[in-house]
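One-letter residues, chain by chain:
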Amino acid sequence: MRRLAGALEILDGSLPDQAALVGNLRDLRRTNRWLWGTSLSLRAIDALLERRPASPTEPSVLDVGTGSADIPLALLDRVERDGRRLTVVATDAREEVLAAARRLDPGLEERPGLVLRLADGTRLPFDDAAFDVAHCSLLLHHLEPDDAVAAIRELRRVARLGVVVNDLLRSRLNVLGARVLATVATRNGLTRNDAPLSVRRAYTEREMRSLLEQAGLRPLGVLRDPLRQRVAIAAVVADG
(Lines give C-alpha, C1' and ligand atoms only; values in the text may rest on other atoms or scores of the structure.)
Protein backbone atom coordinates (compact mmCIF):
# COMPACT_ATOMS: atom_id res chain seq x y z
CA MET A 1 0.00 0.00 0.00
CA ARG A 2 1.14 3.53 -0.74
CA ARG A 3 2.30 5.74 2.14
CA LEU A 4 -0.18 8.44 3.16
CA ALA A 5 1.90 11.59 2.69
CA GLY A 6 1.04 15.08 3.90
CA ALA A 7 -1.50 13.94 6.49
CA LEU A 8 -1.38 15.19 10.06
CA GLU A 9 -2.25 13.35 13.24
CA ILE A 10 -3.86 15.12 16.17
CA LEU A 11 -0.52 14.78 17.94
CA ASP A 12 1.09 16.92 15.22
CA GLY A 13 -1.22 19.85 15.80
CA SER A 14 -2.27 22.06 18.70
CA LEU A 15 -2.58 20.10 21.94
CA PRO A 16 -4.79 22.14 24.30
CA ASP A 17 -6.40 19.08 25.95
CA GLN A 18 -3.77 18.05 28.46
CA ALA A 19 -5.88 15.21 29.89
CA ALA A 20 -6.30 13.65 26.43
CA LEU A 21 -2.56 13.96 25.80
CA VAL A 22 -1.74 12.30 29.12
CA GLY A 23 -4.11 9.47 28.19
CA ASN A 24 -2.47 9.13 24.79
CA LEU A 25 1.00 8.90 26.35
CA ARG A 26 -0.33 6.25 28.73
CA ASP A 27 -1.67 4.29 25.74
CA LEU A 28 1.68 4.58 23.95
CA ARG A 29 3.47 3.27 27.04
CA ARG A 30 1.21 0.23 27.07
CA THR A 31 1.65 -0.35 23.36
CA ASN A 32 5.43 -0.14 23.63
CA ARG A 33 5.42 -2.58 26.53
CA TRP A 34 2.87 -5.07 25.22
CA LEU A 35 3.79 -5.09 21.53
CA TRP A 36 7.57 -5.32 21.86
CA GLY A 37 8.39 -1.72 20.99
CA THR A 38 10.41 -1.18 24.16
CA SER A 39 12.23 -4.50 23.99
CA LEU A 40 13.21 -3.94 20.36
CA SER A 41 14.76 -0.58 21.21
CA LEU A 42 16.64 -1.94 24.23
CA ARG A 43 18.10 -4.81 22.22
CA ALA A 44 19.14 -2.52 19.37
CA ILE A 45 20.73 0.01 21.76
CA ASP A 46 22.60 -2.83 23.49
CA ALA A 47 23.99 -3.99 20.13
CA LEU A 48 25.63 -0.58 19.69
CA LEU A 49 26.76 -0.13 23.29
CA GLU A 50 28.57 -3.47 23.06
CA ARG A 51 30.86 -1.80 20.51
CA ARG A 52 31.88 0.88 23.03
CA PRO A 53 35.57 0.88 23.90
CA ALA A 54 36.52 0.53 27.56
CA SER A 55 36.19 3.92 29.24
CA PRO A 56 35.97 5.29 32.80
CA THR A 57 33.05 7.52 31.76
CA GLU A 58 29.42 6.41 31.86
CA PRO A 59 27.76 5.39 28.59
CA SER A 60 25.25 7.90 27.27
CA VAL A 61 22.13 7.65 25.15
CA LEU A 62 20.06 10.39 23.50
CA ASP A 63 16.35 9.69 23.01
CA VAL A 64 14.67 12.02 20.50
CA GLY A 65 10.88 12.37 20.45
CA THR A 66 10.73 10.71 23.85
CA GLY A 67 6.99 11.13 24.54
CA SER A 68 6.48 9.88 28.09
CA ALA A 69 10.17 8.80 28.35
CA ASP A 70 9.05 5.21 28.84
CA ILE A 71 11.88 3.70 26.78
CA PRO A 72 14.59 5.69 28.61
CA LEU A 73 13.04 4.59 31.92
CA ALA A 74 13.03 0.94 30.85
CA LEU A 75 16.64 1.25 29.71
CA LEU A 76 17.71 2.76 33.03
CA ASP A 77 15.78 0.14 35.00
CA ARG A 78 17.56 -2.70 33.24
CA VAL A 79 20.99 -1.12 33.49
CA GLU A 80 20.51 -0.63 37.24
CA ARG A 81 19.41 -4.26 37.68
CA ASP A 82 22.68 -5.28 36.04
CA GLY A 83 24.65 -3.07 38.42
CA ARG A 84 25.72 -0.65 35.70
CA ARG A 85 25.28 3.09 35.19
CA LEU A 86 24.00 5.08 32.24
CA THR A 87 22.95 8.63 31.38
CA VAL A 88 19.93 9.15 29.12
CA VAL A 89 18.98 12.57 27.77
CA ALA A 90 15.33 12.40 26.66
CA THR A 91 14.13 15.16 24.34
CA ASP A 92 10.87 16.18 22.76
CA ALA A 93 10.05 19.07 20.44
CA ARG A 94 6.77 19.86 22.22
CA GLU A 95 6.65 21.43 25.66
CA GLU A 96 3.06 20.17 25.96
CA VAL A 97 4.31 16.60 25.57
CA LEU A 98 6.98 17.00 28.24
CA ALA A 99 4.42 18.59 30.56
CA ALA A 100 2.06 15.66 29.99
CA ALA A 101 4.91 13.21 30.63
CA ARG A 102 5.60 14.89 33.98
CA ARG A 103 1.90 14.78 34.84
CA LEU A 104 1.74 11.08 33.95
CA ASP A 105 4.83 10.33 36.03
CA PRO A 106 5.37 13.02 38.72
CA GLY A 107 8.72 11.49 39.72
CA LEU A 108 10.17 11.74 36.24
CA GLU A 109 12.46 14.70 36.93
CA GLU A 110 13.95 12.98 39.99
CA ARG A 111 14.88 9.76 38.16
CA PRO A 112 18.64 9.19 38.52
CA GLY A 113 20.37 9.08 35.16
CA LEU A 114 17.54 10.78 33.25
CA VAL A 115 17.61 14.32 31.88
CA LEU A 116 14.58 15.85 30.10
CA ARG A 117 15.21 18.51 27.44
CA LEU A 118 13.09 20.46 24.98
CA ALA A 119 14.72 20.05 21.55
CA ASP A 120 13.84 19.89 17.85
CA GLY A 121 15.02 16.58 16.42
CA THR A 122 16.12 18.19 13.14
CA ARG A 123 18.27 20.81 14.95
CA LEU A 124 19.63 19.18 18.08
CA PRO A 125 21.35 21.54 20.56
CA PHE A 126 24.23 19.14 21.23
CA ASP A 127 27.84 18.93 20.09
CA ASP A 128 29.04 16.44 17.52
CA ALA A 129 29.55 12.94 19.01
CA ALA A 130 28.07 14.07 22.32
CA PHE A 131 26.46 10.66 23.00
CA ASP A 132 27.37 7.04 22.48
CA VAL A 133 24.01 6.18 20.91
CA ALA A 134 21.19 8.31 19.50
CA HIS A 135 17.73 6.72 19.42
CA CYS A 136 14.23 7.56 18.27
CA SER A 137 11.02 5.57 18.54
CA LEU A 138 7.76 6.33 16.74
CA LEU A 139 9.22 9.53 15.34
CA LEU A 140 10.01 8.86 11.69
CA HIS A 141 6.43 8.24 10.58
CA HIS A 142 5.56 11.80 11.63
CA LEU A 143 8.11 13.13 9.12
CA GLU A 144 8.08 13.32 5.35
CA PRO A 145 11.13 11.69 3.71
CA ASP A 146 13.34 14.79 3.44
CA ASP A 147 12.67 15.74 7.06
CA ALA A 148 13.17 12.14 8.16
CA VAL A 149 16.60 12.05 6.50
CA ALA A 150 17.47 15.40 8.13
CA ALA A 151 16.48 14.03 11.54
CA ILE A 152 18.53 10.86 11.05
CA ARG A 153 21.53 12.94 9.98
CA GLU A 154 21.24 14.86 13.23
CA LEU A 155 21.11 11.59 15.16
CA ARG A 156 24.22 10.47 13.29
CA ARG A 157 25.99 13.76 14.01
CA VAL A 158 25.59 13.54 17.79
CA ALA A 159 26.29 9.78 18.12
CA ARG A 160 29.74 8.24 18.48
CA LEU A 161 28.75 4.61 18.02
CA GLY A 162 25.57 4.66 15.98
CA VAL A 163 21.87 5.29 15.69
CA VAL A 164 18.74 3.28 16.50
CA VAL A 165 15.44 3.97 14.72
CA ASN A 166 12.33 2.14 15.87
CA ASP A 167 9.00 2.58 14.12
CA LEU A 168 5.81 1.06 12.81
CA LEU A 169 5.73 -0.90 9.57
CA ARG A 170 3.15 0.08 6.95
CA SER A 171 0.85 -2.64 5.63
CA ARG A 172 -2.88 -3.17 5.19
CA LEU A 173 -2.87 -5.83 7.89
CA ASN A 174 -1.12 -3.51 10.34
CA VAL A 175 -3.61 -0.71 9.63
CA LEU A 176 -6.44 -3.11 10.41
CA GLY A 177 -4.68 -4.26 13.57
CA ALA A 178 -4.19 -0.66 14.74
CA ARG A 179 -7.89 0.09 14.19
CA VAL A 180 -8.97 -2.95 16.17
CA LEU A 181 -6.52 -2.32 19.01
CA ALA A 182 -7.43 1.36 19.26
CA THR A 183 -11.13 0.45 19.39
CA VAL A 184 -10.94 -2.25 22.06
CA ALA A 185 -7.99 -1.11 24.19
CA THR A 186 -8.74 2.58 24.82
CA ARG A 187 -11.44 5.23 24.93
CA ASN A 188 -8.93 8.00 24.23
CA GLY A 189 -10.06 9.93 21.14
CA LEU A 190 -6.54 11.06 20.31
CA THR A 191 -5.26 7.47 20.30
CA ARG A 192 -8.24 6.16 18.34
CA ASN A 193 -7.70 8.75 15.62
CA ASP A 194 -3.91 8.63 15.44
CA ALA A 195 -3.17 4.90 15.78
CA PRO A 196 -4.35 3.72 12.32
CA LEU A 197 -3.22 6.99 10.74
CA SER A 198 0.28 6.44 12.15
CA VAL A 199 0.52 3.09 10.37
CA ARG A 200 -0.67 4.60 7.10
CA ARG A 201 2.03 7.29 7.43
CA ALA A 202 4.73 4.78 8.40
CA TYR A 203 7.49 3.50 6.17
CA THR A 204 8.23 -0.04 5.07
CA GLU A 205 11.44 -1.69 6.22
CA ARG A 206 12.97 -1.14 2.78
CA GLU A 207 12.03 2.54 2.88
CA MET A 208 13.51 2.93 6.37
CA ARG A 209 16.75 1.35 5.17
CA SER A 210 16.78 3.84 2.29
CA LEU A 211 16.31 6.77 4.68
CA LEU A 212 19.24 5.54 6.76
CA GLU A 213 21.42 5.13 3.68
CA GLN A 214 20.58 8.65 2.51
CA ALA A 215 21.71 9.88 5.92
CA GLY A 216 25.06 8.11 5.51
CA LEU A 217 24.32 5.09 7.69
CA ARG A 218 24.25 1.35 7.12
CA PRO A 219 22.23 -1.16 9.17
CA LEU A 220 24.22 -3.17 11.68
CA GLY A 221 21.21 -5.23 12.72
CA VAL A 222 17.45 -5.34 12.14
CA LEU A 223 15.02 -6.49 14.84
CA ARG A 224 11.36 -7.26 14.16
CA ASP A 225 8.55 -8.16 16.52
CA PRO A 226 6.72 -11.48 16.09
CA LEU A 227 3.74 -9.79 14.41
CA ARG A 228 5.91 -7.82 11.96
CA GLN A 229 4.16 -4.59 12.93
CA ARG A 230 7.31 -2.87 14.14
CA VAL A 231 11.03 -2.78 13.41
CA ALA A 232 14.13 -1.44 15.16
CA ILE A 233 17.28 -0.88 13.14
CA ALA A 234 20.70 -0.28 14.66
CA ALA A 235 22.89 1.56 12.17
CA VAL A 236 26.47 2.81 12.00
CA VAL A 237 28.29 5.26 9.77
CA ALA A 238 28.40 3.79 6.28
CA ASP A 239 32.19 3.78 6.07
CA GLY A 240 32.61 2.74 9.72
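Reading guide: rules and limits
Residues numbered from 1 in each chain as written. Predicted model: local features only at pLDDT ≥ 70, side-chain atom pairs only at ≥ 80, totals over all residues. Heavy atoms only, no water. Helix = DSSP H or I, 4+ residues; strand = E, 2+ residues; numbered from the N terminus. Rg over C-alpha atoms; globule rule 2.2 N^0.38 Å. Buried < 20%, exposed > 50% of the residue type's maximum accessible area, 1.4 Å probe, protein only. Contact = heavy atoms within 4.5 Å. Areas by Shrake-Rupley, 256 points an atom, 1.4 Å probe, with all protein chains shown as cover. Lys, Arg positive; Asp, Glu negative; His and termini not counted. Charge placed at Lys NZ, Arg CZ, Asp CG, Glu CD. Pairing = 2+ DSSP bridges. Right-handed = clockwise from strand over helix to strand, strands pointing away. 1 Å grid on protein atoms, 1.4 Å probe; cavity = no way out; pocket = protein on both sides within 12 Å on 5 of 7 lines; lining within 4 Å. Points joined across faces, edges and corners; volume = space filled by probe spheres on them. Nonpolar A, V, L, I, M, F, W, Y, C, P; charged D, E, K, R; others polar. Salt bridge = Lys/Arg side-chain N within 4 Å of Asp/Glu carboxyl O. Axes fitted to C-alpha atoms, helices over the stretch in contact; angles between N-to-C directions. Parallel < 35°, antiparallel > 145°, perpendicular 65-115°, else oblique. Core = buried A, V, L, I, M, F, W, Y, C linked by side-chain atoms within 4.5 Å. Phe/Tyr/Trp six-rings, centres within 6.5 Å; stacked < 30°, edge-to-face > 60°.

Trainee: Residues and numbers for the overall build of the protein chain, please.
Mentor: Each helix and strand counted, the protein chain has eight helices and seven strands in total. Taken over C-alpha atoms, the radius of gyration comes to 17 Å for the protein chain, in line with the 18 Å a tight globule of 240 residues would show. The buried share of the protein chain, reckoned over its 240 residues, is 52%. Of the contacts formed within the protein chain by residues at least 6 apart in sequence, a portion of 80% connects residues at least 24 apart. Accessible surface for the protein chain amounts to roughly 11300 Å². Of this, 52% is attributable to carbon and sulfur atoms. The positive charge centre, built from 36 side chains, and the negative charge centre, built from 33, are 5 Å apart in the protein chain.

Trainee: Before we move on, can you summarise the pairing of strand β1 (residues 60-64) with the specific residues and values?
Mentor: When you tally the buried positions in β1, you get five out of five residues, the bulk of the element. Burial along β1 is two-sided: Ser 60, Leu 62 and Val 64 facing one way and Val 61 and Asp 63 facing the other are all buried. Relative to strand β2 (residues 87-92), β1 is paired through five bridges, and the arrangement is parallel. The residue bridging Ser 60 from the neighbouring strand is Thr 87, located in β2. A crossover links β1 with its parallel partner β2, the connecting element being helix α3 (residues 70-81), and its sense is right-handed. With four bridges connecting them, β1 and strand β4 (residues 131-137) associate as parallel partners. Looking at the pairing, Asp 63 lines up with His 135 of β4.

Trainee: Requested: an account of empty space enclosed by the protein, with residues and values cited.
Mentor: The rolling of a water-molecule-sized probe over the atoms marks out the regions of remaining empty space. Scanning all chains against the criterion turns up one cavity of 30 Å³ or more. Every residue lining the largest cavity is listed: Ile 45, Val 61, Asp 63, Ile 71, Pro 72, Leu 75, Val 88 and His 135. Of all the secondary structure elements, the ones that give two or more residues to the lining of the largest cavity are β1 and α3. Of all the elements, α3 adds the most residues to the lining of the largest cavity, at three residues. For the lining of the largest cavity, the residue count by class is six nonpolar, one polar and one charged.

Trainee: So what's going on with the pattern of salt bridges? Which residues, and what values?
Mentor: The tally for this structure, following the rule as stated, stands at 21 salt bridges. One network of salt bridges, with partners in common, ties together Glu 9, Asp 12 and Arg 201.

Trainee: So what's going on with the packing of helix α6 (residues 172-185) against helix α7 (residues 189-201)? Which residues, and what values?
Mentor: Interhelical geometry of α6 versus α7 gives an angle of 170° and a closest axis separation of 8 Å. The angle between α6 and α7 falls in the class roughly antiparallel. When α6 is examined against α7, the residues Asn 174, Val 175, Ala 178, Arg 179, Ala 182 and Thr 183 are found in contact with a partner set consisting of Thr 191, Arg 192, Ala 195, Pro 196, Val 199 and Arg 200. Here the contact of α6 with α7 is built from residues that sort into six nonpolar, three polar and three charged.

Trainee: So what's going on with the nonpolar core? Residues and values would help.
Mentor: Formed by 37 residues in total, the largest nonpolar core has its most connected members in Leu 114 and Val 133. When residues of this core are traced back to their parent elements, those giving at least two are α1 (18-34), α2 (37-49), α3, β2, α4 (95-104), β3 (114-118), β5 (159-168) and β7 (230-237). Setting aside its immediate chain neighbours within four residues, Val 133 contacts Ile 45, Leu 48, Leu 49, Ser 60, Val 61, Leu 62, Ala 159, Leu 161, Gly 162 and Val 164. In terms of nonpolar packing, the next biggest core, distinct from the first, is built from 32 residues, Val 89, Phe 126, Ala 151 and Val 163 among them.

Trainee: Give me the lowdown on the sheet that holds β1, citing residues and values where you can.
Mentor: Pairing is mixed in the open sheet, where seven strands are placed in the order β3-β2-β1-β4-β5-β7-β6. Each edge of the open sheet is held by one strand with a lone partner, namely β3 and β6 (217-224). Neighbouring strand axes in the sheet, compared pairwise and without regard to direction, differ in orientation by 20° on average. Across six bridges, the pairing between β4 and β5 is parallel. Paired with Ala 134 across the bridge in β5 is Val 163. Sheet strands in contact with helix α5 (residues 145-158) are β1, β4, β5, β6 and β7, and its direction is about 145° off that of β5.

Trainee: Explain the packing of aromatic side chains to me, using residue names and the numbers behind them.
Mentor: This structure, assessed with the given rule, holds one aromatic pair. Centroid distance Phe 126 to Phe 131: 5.1 Å. Interplanar angle 85°. Geometry classified as edge-to-face. On the basis of relative accessible area, Phe 131 is assigned to the buried category, the value being 6%.

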